[in-house]
Amino acid sequence: MIQLKRIVVPTDLSEFSQHAVRYGCEFARRFEAELHLLTVVQDVVAMVPEPGMAFPAPGEYMQELRDASQQALSKIPEGDMAAGLQITREVRSGTPFVEIVRYARDVDADLVVIGTHGRSGLAHVLLGSTAEKVVRKAPCPVLTVRPEGHDFVMP
C-alpha cells in the first residue's frame, strides 16, 4: 500500500504552479500527509548601477526578494484548499532545481508535485526545465502537472 507522509509542492508563485498546489492539497488531504510548500528565490547577479543611481546592496535586495516571497507564499493555497491541512512553508535561495531536490531530501519527502510551463522546442532548450531536472534528481517520485489538459481534481 502506498503511504504518503510528506508531500513537497515547489511553487514559483505563478499561475502555472497553482494548479500543482491544488493537486498537492488534494493528495495531502487524501493521505493525511504533511504539505510542504516551497519557493526558491534564485540568486541574481547584481548589475552595476550608473553613477549617482540608488541601488540596494545585493544582500539587501535578496532579503527583500525573500521577504516578498514569504509573504506571497503565506497566501497559498487560496480559499478552502488549506482547510484541515498541516502546511509548512519554506523560502530558500539558490538554483531552483537544486534547492527543491535538497529540500525533498531534507524532509524525507514521499512525493514532489511540481507544475510545468509546458514549453517545448527552442524555448525548452534555451530556458531548460526545472521540473525535468527535479524528476531526474529527486529522491522520491515526482508528479508533474501541466497547466492544461485532463484534470483529476473535482472543482
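Provided above is the structure to which this section pertains.
The present account deals with the structure reproduced in this document. Keep in mind it's a predicted model, so treat the numbers as computed, not measured.

In terms of regular secondary structure, the protein is built from 5 helices and 5 strands. Going from the N terminus to the C terminus, the protein shows its helices and strands as β-α-β-α-β-α-β-α-α-β. In the protein, which comprises 155 residues, the share counted as buried stands at 35%. For the protein, restricting intrachain contacts to residue pairs at least 6 apart in sequence, the fraction spanning at least 24 positions comes to 76%. Summed over all atoms, the accessible surface of the protein reaches about 9700 Å², with 54% contributed by carbon and sulfur.

Read from one edge of the open sheet, 5 strands run β3-β2-β1-β4-β5, paired in parallel fashion. The sheet is open, and its two edges are formed by β3 (87-93) and β5 (142-145), each paired on a single side. Pairs of neighbouring strands in the sheet enclose a mean axial angle of 20 degrees, with direction left out of account. Across the sheet, helix α1 (residues 15-31) is in contact with β1 (6-10), β2 (34-41), β4 (111-115) and β5; its angle to β1 comes to roughly 170 degrees. Strand contacts of helix α5 (residues 130-137): β4 and β5, with the helix running at about 165 degrees to β4, the strand carrying the most contacts.

Another aspect to go through is α1. Given a rise of 1.5 Å per residue, 17 residues ought to cover 24 Å, and the 25 Å separating the end C-alpha atoms of α1 matches this to within 8%. Along α1, the residues classified as buried are Ser17, Gln18, His19, Ala20, Val21, Tyr23, Gly24, Cys25 and Ala28. Of the surrounding secondary structure, the elements contacted by the buried residues of α1 are β1, β2, β4 and β5. Of the residues trailing α1, glutamate 32 is marked for its positive phi of about 50 degrees.

Parameters and conventions
Residues numbered from 1 in each chain as written. Predicted model: local features only at pLDDT ≥ 70, side-chain atom pairs only at ≥ 80, totals over all residues. Heavy atoms only, no water. Helix = DSSP H or I, 4+ residues; strand = E, 2+ residues; numbered from the N terminus. Buried < 20%, exposed > 50% of the residue type's maximum accessible area, 1.4 Å probe, protein only. Contact = heavy atoms within 4.5 Å. Areas by Shrake-Rupley, 256 points an atom, 1.4 Å probe, with all protein chains shown as cover. Pairing = 2+ DSSP bridges. Axes fitted to C-alpha atoms, helices over the stretch in contact; angles between N-to-C directions. Expected span 1.5 Å × (residues − 1).

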